[in-house]
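Structural overview
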Amino acid sequence: MEDGLVIKSTGSRYRVLADDGMIHECVLKGRFRVSGVRTTSPVAVGDRVTIDTRENVITSLHPRRNYIIRRASNLSRESQIIAANVDQAFLMIAVTMPRTPIEFIDRFLTTAEAYRIPASIIINKRDLYDDEDDAVAARIEIVYKKIGYPVYTVSVTADSSISQITAALKGKITLLSGNSGVGKSTLLNRLNPALSLRTGEISEYHEQGRHVTTFPEMHPLPEGGYVIDTPGIRGFGVIDFDRSEIYHFFPEIFRRSSECRFYNCLHLAEPGCAVREAVACNEIEPWRYKSYISMMTEDNDKYR
Ligand SMILES: Nc1nc2c(ncn2[C@@H]2O[C@H](COP(=O)(O)OP(=O)(O)OP(=O)(O)O)[C@@H](O)[C@H]2O)c(=O)[nH]1
Ligand SMILES: [Mg+2]
Ligand SMILES: [Zn+2]
C-alpha cells in the first residue's frame, strides 16, 4: 500500500504519482461515491489516494479540501469533477489573436469566488498588441487589480523573463483555464520544457453547447507545484448560481451592497441602490455591472 497523487484521469484509468516518485497506471477498486452527486468518474486529478502497488488499484480516496465540478449539460444530471484540492485558479486571456470576451473573464472570476479559490489573470501575447490593444490590456489590468485580483501582462514567447508568474505558481496546485489559442500550453512548455505539449492547434474542438468530455491533466513544475491544464473546458465548472446570490461573487459589488437602501436589493431597478450609483460614477466598472446583469438574465449554458 502506498499513498499518491492522481495526475491524470481518463474516466476509467488513473495515473498516480506515488509518494516514492514512482508512476502507477491504476484502476479503481470497487465503488467510490461522492455523496449527493452523480459523477462520470469519482476520482479526479489532484486527488490524494491510497493504492495497492502490486495490483495497481486505487483502494481509497482521501478527504478533499475542495473540488471543482462541472455538470455535463443543463439536461444532464451527470457531473464531471474537473479537479480536486486546487489552491488557486489562473485565467489566461488575450486582447487579440484570439480576443477573450470580457464576460468570459467575469464568469470565470465569479465561479472562483463561489468556490473560494483565489484567482489571477494572465494577459498574454502582448508582443502582438498595437497601441489600441495595449490600452485595452492596461485598462483590464487596472480594473481587476483594483478589485483585488493579481494580473500579469506578458508575452510567453517574447518576454525574456516571466519570473512573476513562475513565483506565483511555485509550490501550488493551480488550475489553468482560458479560451483556445491564448497560449496555455505554450506557457506550460516554457515553465517545464520537458513537457513538450502540443501547441498551436485547436484542441478538442467543440461546438457551442455541445458537451465533449475532456480530461484535465496535471503537470509538474520544476520548482515544485503543479498546473492543471483544462483543454476544451471553456469556463470552469460553471455552477448553478442562486440568482439572489450572484452579486456576492463580484467582490466590489458585494462591498457596496451594504449601502443599498433595501437589504435584499438585487441592484437591478430598486430605489436607493448604492451599486448603481457607484456604476454611474465609474467607481464600479460599468462592464463588470454589465456582466452581472447578464448573469442575472442570460442562459448560463453557453459558458460551460
Ligand atoms: N505572438 C505570440 N504567440 C503566442 C504567445 N503565446 C502563445 N502563442 C502562440 O499561440 C498559439 C496557441 O498557443 P497554445 O499554447 O497552443 O494555446 P492553448 O491556450 O494551449 O490552446 P488550446 O490548447 O487550444 O486551449 C501557438 O501558435 C503559440 O505559439 C505569445 O505570447 N505571443
Ligand atoms: Mg493547449
Ligand atoms: Zn443595490
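Residues numbered from 1 in each chain as written. Chains lettered and ligands numbered in written order. Predicted model: local features only at pLDDT ≥ 70, side-chain atom pairs only at ≥ 80, totals over all residues.

**Considerations on the overall build of the protein**
Secondary structure summary: the protein contains seven helices and 14 strands in total. Counting across all 304 residues of the protein, residues that qualify as buried make up 35%. A sequence separation of at least 24 residues applies to 65% of the contacts in the protein between residues at least 6 apart. (Helix = DSSP H or I, 4+ residues; strand = E, 2+ residues; numbered from the N terminus. Buried ≥ 20, exposed ≤ 12 C-beta atoms within 10 Å, placed from the backbone. Contact = placed C-beta atoms within 7 Å.)

**Focus on the site of ligand 1**
The local shell around ligand 1 holds 21 residues, among which Gly-183, Ser-185, Thr-186, Thr-199 and Gly-200 are the closest. Top element by residues in the shell around ligand 1 is helix α4 (residues 184-191). It accounts for three residues. The residue inventory of the shell around ligand 1, partitioned by class, reads six nonpolar, 12 polar and three charged. (Near = placed C-beta within 6 Å. Nonpolar A, V, L, I, M, F, W, Y, C, P; charged D, E, K, R; others polar.)

**Details of the pairing of strand β1 (residues 2-9)**
Pairing of β1 with strand β5 (residues 48-52), which is carried by four bridges, proceeds in the antiparallel orientation. The residue of β5 that forms the bridge with Gly-4 is Val-49. For β1 and strand β2 (residues 14-18), the ladder comprises five bridges, and the chain directions are antiparallel. Along β2, the bridge assignment pairs Val-6 with Val-16. Where β1 folds back on β2, the antiparallel hairpin that results is connected by four residues, among which Gly-11 adopts a positive phi of roughly 95°. (Pairing = 2+ DSSP bridges.)

**What about unusual backbone geometry?**
Note the cis peptide between Met-97 and Pro-98, where omega equals -5°. By the secondary structure assignment, Pro-98 is in the loop between β9 (88-94) and α1 (102-115). Positive phi values are uncommon outside glycine, yet Asn-56 reaches one of about 55°. Mapped onto the elements, Asn-56 comes out in the loop between β5 and β6 (57-61). Residue His-267 is not a glycine yet carries a positive backbone phi of 65°. Its location among the elements puts His-267 in the loop between α5 (251-257) and α6 (274-280). Look at His-267 and you get buried, because 23 C-beta atoms sit within 10 Å.

**Points about helix α2 (residues 131-147)**
Taking 1.5 Å of rise per residue, 17 residues should cover 24 Å, and α2 covers 25 Å from first to last C-alpha, within 8% of that figure. Within α2, the full set of buried residues consists of Ala-137, Ile-140 and Tyr-144. An end-on view of α2 places all buried positions within 60° of arc, on one side of the element. Exposed residues pointing more than 90 degrees away from the buried face of α2 are listed as Asp-131, Glu-132, Ala-135, Ile-142 and Lys-145. (Expected span 1.5 Å × (residues − 1). Arc of directions from axis to C-beta.)

**Some details on the pairing of strand β3 (residues 23-28)**
With four bridges connecting them, β2 and β3 associate as antiparallel partners. Across the sheet, Arg-15 pairs through a bridge with Glu-25, a residue of β3. In this antiparallel pair of consecutive strands, β2 and β3, the connection spans four residues, and Gly-21 shows a positive phi of 95°. Here β3 runs beside β6; their pairing, made up of two bridges, is parallel. Within β6, the position partnered with Val-27 by the bridge is Val-57.

**Quick notes on α1**
Each full turn of the α-helix corresponds to 3.6 residues, which orients residues three or four apart in the same direction. In this model α1 runs 20 Å from its N-terminal to its C-terminal C-alpha over 14 residues, within 8% of the 20 Å that 1.5 Å per residue would give. Within the sequence span of α1, burial applies to Ile-105, Asp-106, Arg-107, Phe-108, Leu-109, Thr-110, Thr-111, Ala-112 and Tyr-115. Just downstream of α1 lies Arg-116, where phi reads positive at about 55°.

**Observations concerning the nonpolar core**
Judged by nonpolar contacts, the single largest core of 52 residues is most densely connected at Ala-83 and Leu-91. Here this core gathers at least three residues from each of two domains, domain 1 (2-64) and domain 2 (84-229). Leaving out residues up to four positions away in the same chain, Ala-83 has contacts with Ala-44, Val-45, Gly-46, Tyr-67, Ile-68, Leu-175, Pro-216 and Ile-228. Counting residues in hydrophobic clusters, the runner-up holds 15 residues, among them Tyr-247, Cys-265, Ala-278 and Met-295. (Core = buried A, V, L, I, M, F, W, Y, C linked by C-beta atoms within 7 Å. Domains from an automatic or database assignment.)

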